[in-house]
Amino acid sequence: PQPQPQQQNLCGLGNDGDNINAPATSSSLKTLEIRNRRFKIIAVMELAKMLRTNTSLQTLKLLCNKIDDTFANMIADALEENQSLTCLELCHQKIGDDGAISLMNAATTTKITPLSTTEFAEASPSSHYHHKQNDNDDQTKPVAVLKDIQLCNNSIGTHGFIQMGLILKQRQESSSIQSLGLNYNNICGMGAMAFARFLPSLKLISLSLNNNCNIGDIGAAAILKSIQEHKYLKELHLAWNRIGDHGVAPLEETLHAKKSSCTALTAINLSFNVITSNGAKAIVKGMKHNCTLKYLNLGYNEIDCQGAKALATLLASNQSPLQDLVLISNPIQEDGCRALVQSLKWNVMLENSFSGEALFGDNINHRYRNSDDRKEEDEQCYLDLKRESHYYMQLNSAGRKFWREPNLPRALWPQILALLGDKPVLLYHLVREKPELFKA
């Protein structure tokens, strides 16, 4: 029988003092997740000891454990000695500004790790000579390995947010932080403005600030303007932040490829805000000159028929690479729904979109909210729009954009036909567009 991995007891967990076991020193342990267990001081001490000694753990998820600043500081002290952890999630806790600052300090602290043989061979002559003279010295290099920090559902405020940004800026050369999640905290607009000053110099790939309701227009505008100079950011999440038209106005230039250096952005979430058609039109203006954004979430806003028609015009022109557009629960009315669905006749990119039950169903429910007088023709109209939008999105998923390439190699057509699968309706559409493929 194979020997069992050595285990370390994390005691003091749970209100009743229950113990759990974690193979803390096992070479196979890469992920440790503990949720819904209230931590006591002994448990945190054992966890900190594990972080100092374990060399294989890559992901640590602690959820709903009532960890406060004191416990967060203990974990931060241990992180300064850890050389393997790449993802840290401390969500649904009681961490405030002090704990968040300590964690960011630890996450960006460089550790001394051995140089590989290749790296050592490429070292400078003086460094190589030094090591030859001291055979007992280790071949070392400084690194900070933590890439992903998620501190959602805590009590981090403006001061903590600003200090975290300042630490990232001061240690940008040694830091490896690529993803920062601070959803459901207490960050205000002034804090977002201050953080925005640091943002262009950071190497973040993903920034998530959902449900910090006091960010508002002033904070959102500062962030969206600052990323015009950011070359790395791919995902930005600003849902539930009371952002209106003024807050999203900078997107007209941020998304414009010739006016902005933000050329990596692929996803923006602006749902559950107060954006109207004016804000949607500003976004459309920027997207006409954008070649990277593939996901845009504008659900649960106040975009009406005019905003929907502006988006429909953009989609029909195929000037945007959007593949996923969310417009659920906007008062776009039936005309807006029809315009969006009609745009799919020409759009060849969108694969997951606004149309179907979620959007048009909401429109019907809104119209008859205080009445039981729902007409059968309205129900049938909704079903027709849902069916039509689904049909065109299936075509796009099957590679419709390639069908229209004039010199597409014949060798690729078998792969495209395979994507159509057993859907005769899609095959019929292809026969109509490319009849030459089916000639003997």
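Quick notes on the rules
Residues numbered from 1 in each chain as written. Predicted model: local features only at pLDDT ≥ 70, side-chain atom pairs only at ≥ 80, totals over all residues. Heavy atoms only, no water. pLDDT = per-residue confidence, 0-100. Contact = heavy atoms within 4.5 Å. Phe/Tyr/Trp six-rings, centres within 6.5 Å; stacked < 30°, edge-to-face > 60°. Helix = DSSP H or I, 4+ residues; strand = E, 2+ residues; numbered from the N terminus. Buried < 20%, exposed > 50% of the residue type's maximum accessible area, 1.4 Å probe, protein only. Pairing = 2+ DSSP bridges. Polar contact = N/O pair within 3.5 Å; in protein donor to acceptor, adjacent residues only side chain to side chain. Axes fitted to C-alpha atoms, helices over the stretch in contact; angles between N-to-C directions. Salt bridge = Lys/Arg side-chain N within 4 Å of Asp/Glu carboxyl O. Parallel < 35°, antiparallel > 145°, perpendicular 65-115°, else oblique. Nonpolar A, V, L, I, M, F, W, Y, C, P; charged D, E, K, R; others polar. Disulfide = S-S within 2.5 Å. Patch = residues over 30% accessible without salt bridge, like charges linked within 9 Å, V, L, I, M, F, W, Y side chains within 5 Å. Areas by Shrake-Rupley, 256 points an atom, 1.4 Å probe, with all protein chains shown as cover. Lys, Arg positive; Asp, Glu negative; His and termini not counted. Charge placed at Lys NZ, Arg CZ, Asp CG, Glu CD. Expected span 1.5 Å × (residues − 1). Arc of directions from axis to C-beta.

Asks: Explain the confidence of the model for the protein chain residue by residue, including any values.
Replies: Of the residues in the protein chain, 79% have a pLDDT of 70 or more, and the chain-wide mean is 83. Predicted confidence is poor over residues 14–20, with pLDDT under 50, and the contacts of this stretch with residues over four places away or in other chains come to 18 contacts. Overall, residues 123–141 carries pLDDT values under 50, and its contacts beyond four positions in sequence, including any with other chains, amount to 20 contacts.

Asks: Tell me what's going on with the packing of aromatic side chains, and back it up with residues and numbers.
Replies: To describe a pair of aromatic rings, one takes the distance between the centres and the angle between the planes. Scanning all chains against the criterion turns up four aromatic pairs. With a centroid separation of 4.3 Å and 10 degrees between ring planes, the pair formed by Trp240 and Phe272 is classed as stacked. Taken together, the residues Trp240 in the loop between strand E11 (235–237) and helix H9 (245–248) and Phe272 in the loop between strand E12 (267–269) and helix H11 (277–287) connect sequence positions 32 residues apart. You can call Trp240 partly exposed: its relative accessible area is 39%. A relative accessible area of 30% means that Phe272 is categorised as partly exposed. Taking the centre distance of 4.2 Å and the plane angle of 10 degrees together, the rings of Phe272 and Tyr300 count as stacked. Note that Phe272 is positioned in the loop between E12 and H11 and Tyr300 in the loop between strand E13 (295–297) and helix H12 (305–317), a separation of 28 residues in sequence. Of the residues examined, Tyr300 reaches a relative accessible area of 35% and is grouped as partly exposed. Grouped by ring-pair contacts, the aromatic residues Trp240, Phe272 and Tyr300 constitute a single cluster.

Asks: Any chance you could break down the pairing of strand E5 (residues 87–91) for me, citing the residues and the numbers?
Replies: Counting buried residues in E5 gives five out of five residues, a clear majority hidden from the surface. Side-chain alternation along E5 places Cys87, Glu89 and Cys91 on one buried face and Leu88 and Leu90 on a second face that is also buried. Taken together, the five bridges between strand E4 (residues 59–63) and E5 define a ladder with parallel strand orientation. Residue pairing in the sheet places Leu60 in a bridge with Leu88 of E5.

Asks: An account of the side chain of Asn330 is requested, with residue identities and associated values reported.
Replies: Take Asn330: it is sitting in the loop between strand E14 (324–326) and helix H13 (333–343). A residue is classified by how much of its surface remains accessible, and Asn330, at 6% relative accessible area, is buried. Of note is the side chain of Asn330, whose polar atom sits 3.0 Å from the backbone oxygen of Leu298. At 3.3 Å, the side chain of Asn330 forms a polar contact with the backbone nitrogen of Asn301.

Asks: Before we move on, could you go through the side chain of Thr254 and cite the residues and values that matter?
Replies: By the element assignment, Thr254 lies in helix H10 (residues 251–254). A distance of 3.2 Å separates a polar atom in the side chain of Thr254 from a polar atom in the side chain of Gln228. Residues contacting Thr254, with those up to four places away along its chain left out, are Leu224, Lys225, Ile227, Gln228, Ser260 and Cys262.

Asks: Residue-level account of the sheet that holds E14, with values.
Replies: Spatial strand order, E3-E4-E5-E8-E9-E10-E11-E12-E13-E14: ten strands in an open sheet with parallel pairing. At either end of the open sheet lies a strand with only one pairing partner, and these are strand E3 (31–35) and E14. Across the sheet, the mean angle from the axis of one strand to that of its neighbour is 5 degrees, orientation sign disregarded. For strand E8 (residues 148–150) and strand E9 (residues 179–181), the ladder comprises three bridges, and the chain directions are parallel. Following the sheet pairing, Ile149 is matched in E9 by Leu180.

Asks: Give me the lowdown on the pattern of salt bridges, citing residues and values where you can.
Replies: Under the counting rule described, the total for this entry stands at four salt bridges. The partner of Arg35 in a salt bridge is Glu33, with the nearest N and O atoms 2.5 Å apart. Salt-bridge contacts for Glu81 lead to Arg52; the nearest nitrogen and oxygen are separated by 3.3 Å. One end of the pair, Glu81, is in the loop between helix H2 (69–79) and E5; the other, Arg52, is in helix H1 (residues 41–53), and 29 residues separate them in sequence.

Asks: An account of the packing of helix H6 (residues 158–170) against helix H7 (residues 189–198) is requested, with residue identities and associated values reported.
Replies: Pairs of packed helices are described in terms of their axes, by the angle between the two and the distance that separates them. Running from N to C, H6 and H7 cross one another at 0 degrees; their axes reach a closest spacing of 9 Å. Compared by their axis directions, H6 and H7 come out roughly parallel. For the pair H6 and H7, the contacting residues are Thr158, Phe161, Ile162, Gly165, Leu166 and Lys169 in the first and Met190, Gly191, Ala192, Ala194, Phe195 and Phe198 in the second. The class makeup of the residues in the contact of H6 with H7 is eight nonpolar, three polar and one charged.

Asks: Tell me about the state of the cysteines, and please be specific about residues and values.
Replies: Counted according to the given criterion, the structure contains zero disulfides. Here Cys64 stays unpaired: no disulfide links it, and the sulfur of Cys91, its closest cysteine neighbor, is 8.9 Å away. Judged by its relative accessible area of 33%, Cys64 is partly exposed.

Asks: How would you summarise a nonpolar patch on the surface if you had to cite specific residues and measurements?
Replies: Nonpolar side chains collect at one region of the surface, where Ile41, Ile42 and Met45 lie side by side and expose about 280 Å² of accessible area between them. The topology assignment puts Met45 in helix H1.

Asks: Please set out a positive patch on the surface residue by residue, giving values where relevant.
Replies: There is a patch of like positive charges on the surface, built from Arg38, Lys40, Lys66 and Lys94. Summarising the element assignment, Lys94 is placed in the loop between E5 and helix H3 (97–107).

Asks: Talk me through H6; I want residue IDs and the actual numbers.
Replies: Between its terminal C-alpha atoms H6 stretches 18 Å, which fits the 18 Å expected from 13 residues at 1.5 Å a residue. Inspection of H6 places Gly160, Phe161, Met164, Gly165, Ile167 and Leu168 among the buried residues, and these make up the whole buried set. On an axial view of H6, the arc spanned by its buried residues comes to 160 degrees, and they lie on one face. Where the residues of H6 are buried, they touch H3, E9 and H7.

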